[in-house]
Amino acid sequence: MEGGKYLLHCFLLALLTTKAASHLFQSNANANRKSYIVYMGDRLKDGASTALLHSSMVQDVFGSESKTVLYSYKKSFNGFVVDLTEEEAQKMAGMKGVVSVFPNEKRKLHTTRSWDFMGFPQQVERATMESDVIIGVLDTGIWPESLSFDDKGLGPPPSKWKGSCQFQPQDNFTCNNKIIGAKYYRSDGLFLPEDFESPRDFDGHGTHTASTAAGNLVDGASLYGFGSGTARGGVPSARIAVYKVCWSDGCQDADILAGFDDAISDGVDIISISLGGGRTRDYFEDAIDIASFHAMKNASTIDRKFSTKVQLGNNKIYEGVSINTFDLKNKTYPMIYGGDAPNTTTTSSRSSRLCFSNSLDKNLVKGKIVLCDTIRTNGIGALLAGAAGTVARGQDSIDYSSLFPLPASCFNFVDGRNIFQYVNSSSAPTATIFRSSEVNDSLAPYIISFSSRGPNPITPEIIKPDISAPGVHILAAWSSISPVSLVPGDNRFVTFNIISGTSMSCPHVSGAAAYVKSFHPTWSPAAIQSALMTTAAPMSSGINMEAEFAYGSGHLNPLKAANPGLVYDANETDYINFLCGQGYATRLIQLLSKDNSTCPEDTNGTVSELNYPSFGLSTSPLKPFSRTFKRTVTNVGSPTAVYRANLSFSTGTLKIRVNPDVLSFTSVGQKLSFEVIVEATMDKAMVSGALVWDDGEHKVRSPIVVFI
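Residues numbered from 1 in each chain as written. Predicted model: local features only at pLDDT ≥ 70, side-chain atom pairs only at ≥ 80, totals over all residues. Heavy atoms only, no water.

Per an unreviewed UniProt entry, the protein carries the name Cucumisin-like and comes from Gossypium barbadense. The UniProt entry for the protein carries the following text under Sequence similarities (unreviewed entry): "Belongs to the peptidase S8 family." (UniProt positions renumbered as here; feature names shortened; annotations may be inferred.)

Shown next, in the form of structure tokens:
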């Protein structure tokens, strides 16, 4: 017995030693492995089989050893990521269908990455006048304590500043040499309990837009690790003037006009207003149109996206979209369909399937992951019912990610139907929701689904939008009192947040305009607008089916806009003549301009002579037409320059002539005029192209769009 016990101890020791040696060997092997990308060219039509192909390829390399594909690319191209040794990578590279295998290297991260994505790095040339540029932000206010608005290194406000700061001791709101002015407007005097009766931002929206346009450099910014890097605005040295015109219940026209009024008289250089919505109104009945006209007289996706996987109890994994900062630690929860859990005291199953507020039975939903039939919900219904998470379905495609107050992921119709079938066919369905993954969007830039589309509803022949700028998954400063998801009950409070919207595009354009203004302080708003539009990077109509009615002149390029070569300038008289052409009575024109302006007798009711940086023409199908556009460009480049006209079109249905087709300048500031004659019989809904004036250094590009 003694000997037997000893032998047993020796056997166990040998076994443990063998296991330890084996573990040591595996650890060394794992230590030599690193993440590799296996690229396999264009995507397969069947996305589901792509994942199986990737798994089988890994199995061929590793045999019976279990190895997980870290990420499968199947939407835009074909490939996957897996941990390999150098020898395994070489073996993988020799497999059929593999184009290349290369290490998944780390690169330096950027946060307000949108500026870098537009080719506008942190180290661009800066004008000495940048700190004299004032951006007026009409929005929900500002959070002055944010590091994005620290005034370290800034001197006093420029002497042209005539504004003031509404100091509010009750919430400790103060201005500094960065936020040089702040006012708030509430024409009806009705302040809701959640609102600050001061310029302080209750919501986060105004803080976000202001920091995107002109925020300081802030290292180490992120949203729970997402978008980690250095946050910065387009013009970090510019000053900010805040005009709080929006509250928890919206933005009133009266307050908007009051904010514009003050901003103009205060001496701001750029007005950034990320507001919209409501019905289409006549130019003279729209507060922003009116205010913008008077301001004139006085004065766009990036390559970041997020995916969130959901694993069902049958071990199938589906990849949806959201920005999910929650980590369920792979724990599974019971799953229930919202339509099967109606709060019968207030609603029906027809309503509960949409998971709106108070539509779900808490007794049935608490502690479960609830499946909802719409992605339009913000998650509040599931949150109030005590759900552990929510899965939303119900859209053809989902091209951006939203924040929710609980673990969540959104799916299209196809994957959503599969998840729905699982929930209905299983006696005890379960699921878990993973933390989001931040990945590169190789198709960017393209126009997101929520972005506004042209043509201009009032004057279709003014091509809208003017330009595209990043507005998706933008990380910027945030109000520390506003929840991440904006949903009450969400207890996550941050200093930087990632949100999407046309509101996020606007401050990029504002920042770019301020950058141009810092080099050219005497340029008119129209000249700056022209510089931004004519230097924009062309975008693909293959990705954006509405072409110019989706992206306008193209994707914003601030660096080129500072040196455009030529500009299409316009002043008050030009816009007055445009309004005359729209049929407005002389009486109204005179009220608008406060002088004795009269409409020219030869006004033909078109906009072809407005000196706009783009050319738009609407016509009837199969009816011959001819239109002449008259334009004037101002030389802002080299004193002596010769520009030649180049025309590019994707179709031969149009006949276009430029007269003259060569412009020879002898001085800076010189103006030369030309005509563009368009003739055709339209057999398509839309044809587009561009006129490019080229002097060898500058390419001044204007889109031309003819549509039915």
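(A) Representation of the sheet that holds strand β6 (residues 179-184). Here four strands make up an open sheet; going across it, the order is β6-β9-β5-β12 and the pairing parallel. In this open sheet, the two strands that pair with only one neighbour each are β6 and β12 (270-273). Geometrically, the sheet is characterised by an average inter-axis angle of 15° between neighbouring strands, direction not taken into account. For strand β5 (residues 134-139) and strand β9 (residues 239-244), the ladder comprises six bridges, and the chain directions are parallel. Each residue of the ladder has a partner; that of Ile-134, found in β9, is Arg-239. Contacts between helix α6 (residues 253-266) and the sheet are confined to β5, β6, β9 and β12, with β12 contributing the most and set at about 160° to the helix. (Pairing = 2+ DSSP bridges. Helix = DSSP H or I, 4+ residues; strand = E, 2+ residues; numbered from the N terminus. Axes fitted to C-alpha atoms, helices over the stretch in contact; angles between N-to-C directions. Contact = heavy atoms within 4.5 Å.)

(B) Layout of the nonpolar core. Ile-135, Ile-142, Val-235, Ile-240, Trp-523 and Leu-532 are the most contacted members of the largest nonpolar core, which has 36 residues in total. Breaking this core down by element, the ones donating at least two residues are β5, β6, α5 (205-214), β9, α12 (502-519) and α13 (525-534). The two domains that each donate at least three residues to this core are domain 2 (113-299 + 471-519) and domain 4 (534-570 + 611-707). When near neighbours in sequence (up to four residues on either side) are disregarded, Ile-135 contacts Ala-213, Ala-214, Val-235, Arg-239, Ile-240, Ala-241, Ile-270, Ser-272, Ser-510 and Ala-514. Ranked by size, the runner-up nonpolar core spans 25 residues in total, among them Tyr-568, Tyr-643, Val-687 and Val-706. (Core = buried A, V, L, I, M, F, W, Y, C linked by side-chain atoms within 4.5 Å. Buried < 20%, exposed > 50% of the residue type's maximum accessible area, 1.4 Å probe, protein only. Domains from an automatic or database assignment.)

(C) The state of the cysteines, seen in detail. For the coordinates displayed, the defined rule picks out three disulfides. Note that Cys-165 is cross-linked by a disulfide to Cys-175, the S-S spacing being 2.0 Å. One quick way to see it: the torsion about the S-S bond of Cys-165 and Cys-175 is about 85°, and its sign makes the bridge right-handed. Placement of the pair is Cys-165 in the loop between β5 and β6 and Cys-175 in the loop between β5 and β6, with a sequence separation of ten residues. Accessibility expressed as a relative area gives 28% for Cys-165, which makes it partly exposed. For Cys-246, the disulfide goes to Cys-251, at an S-S distance of 2.0 Å. Disulfide Cys-246 to Cys-251: torsion about the S-S bond roughly 105°, handedness right-handed. (Disulfide = S-S within 2.5 Å.)

(D) Representation of the UniProt feature "active site" (unreviewed entry) in the protein within the structure. UniProt tags Asp-139, His-205 and Ser-503 as "active site" (unreviewed entry). Along the polypeptide, Asp-139 turns up in strand β5. Residue classification places Asp-139 among the buried residues on the basis of a relative accessible area of 1%. Contacts of Asp-139, omitting those with residues within four sequence positions, involve His-205, Gly-206, Thr-209, Tyr-243, Lys-244, Val-245, Cys-246 and Ser-274.

(E) Just empty space enclosed by the protein, in detail. By volume, the largest cavity is sized at about 60 Å³. Contributing to the lining of the largest cavity are Glu-461, Ile-462, Ile-463, Val-607, Ser-608, Leu-610, Tyr-612, Ser-614, Phe-615, Gly-616, Phe-629 and Arg-631. Those elements giving two or more residues to the lining of the largest cavity turn out to be β24 (615-618) and β25 (624-635). The residue makeup of the lining of the largest cavity, split by class, is seven nonpolar, three polar and two charged. (1 Å grid on protein atoms, 1.4 Å probe; cavity = no way out; pocket = protein on both sides within 12 Å on 5 of 7 lines; lining within 4 Å. Points joined across faces, edges and corners; volume = space filled by probe spheres on them. Nonpolar A, V, L, I, M, F, W, Y, C, P; charged D, E, K, R; others polar.)

(F) Region of the structure containing the sheet that holds strand β28 (residues 662-665). Across the sheet, which stays open at both edges, the five strands sit in the order β24-β31-β30-β26-β28 with mixed pairing between neighbours. The open sheet has two edge strands with one neighbour each: β24 and β28. Sheet twist, expressed as the mean angle between neighbouring strand axes with direction ignored, is 15°.

(G) Region of interest: the pattern of salt bridges. For the structure on display, the rule yields 15 salt bridges. Residue Glu-145 is joined to Arg-200 by a salt bridge in which the shortest nitrogen-to-oxygen separation is 2.9 Å. Linking Glu-145 in the loop between β5 and β6 with Arg-200 in the loop between β6 and α5, this pair joins segments that are 55 residues apart in sequence. When its relative accessible area of 43% is taken as the criterion, Glu-145 is described as partly exposed. On the basis of relative accessibility, which here comes to 3%, the residue Arg-200 falls in the buried class. A salt bridge links Asp-694 to Lys-699, with the nearest nitrogen and oxygen atoms 2.5 Å apart. On the basis of relative accessible area, Asp-694 is assigned to the buried category, the value being 16%. Residue classification places Lys-699 among the exposed positions, given a relative accessible area of 56%. (Salt bridge = Lys/Arg side-chain N within 4 Å of Asp/Glu carboxyl O.)

(H) Up close: a nonpolar patch on the surface. A cluster of nonpolar side chains, Tyr-39, Val-99 and Phe-102, forms an exposed patch at the surface whose accessible area comes to about 260 Å². In this fold, Tyr-39 is placed in strand β1 (residues 34-42). (Patch = residues over 30% accessible without salt bridge, like charges linked within 9 Å, V, L, I, M, F, W, Y side chains within 5 Å. Areas by Shrake-Rupley, 256 points an atom, 1.4 Å probe, with all protein chains shown as cover.)

(I) Representation of the packing of aromatic side chains within the structure. Under the criterion given, the structure shown has ten aromatic pairs. On the numbers, 5.4 Å between centres and 70° between planes, the contact of Phe-226 with Phe-306 is edge-to-face. Both residues of the pair, Phe-226 and Phe-306, belong to the buried class. For the pair Tyr-337 and Phe-420, a centre-to-centre distance of 5.0 Å together with 80° between the ring planes defines the contact as edge-to-face. Taken together, the residues Tyr-337 in strand β15 (residues 333-337) and Phe-420 in helix α11 (residues 413-425) connect sequence positions 83 residues apart. Overall, the relative accessible area of 10% leaves Tyr-337 in the buried class. An aromatic cluster is built from Tyr-184, Phe-191 and Trp-247, whose rings are joined through pairwise contacts. A cation over an aromatic ring shows up here: Arg-393 above the ring of Phe-420, its NZ or CZ 4.3 Å from the ring centre. Above the face of the Phe-226 ring, Arg-435 is positioned so that its terminal group lies 4.4 Å from the ring centre. (Phe/Tyr/Trp six-rings, centres within 6.5 Å; stacked < 30°, edge-to-face > 60°. Lys NZ or Arg CZ within 6 Å of the ring centre and 35° of its normal.)

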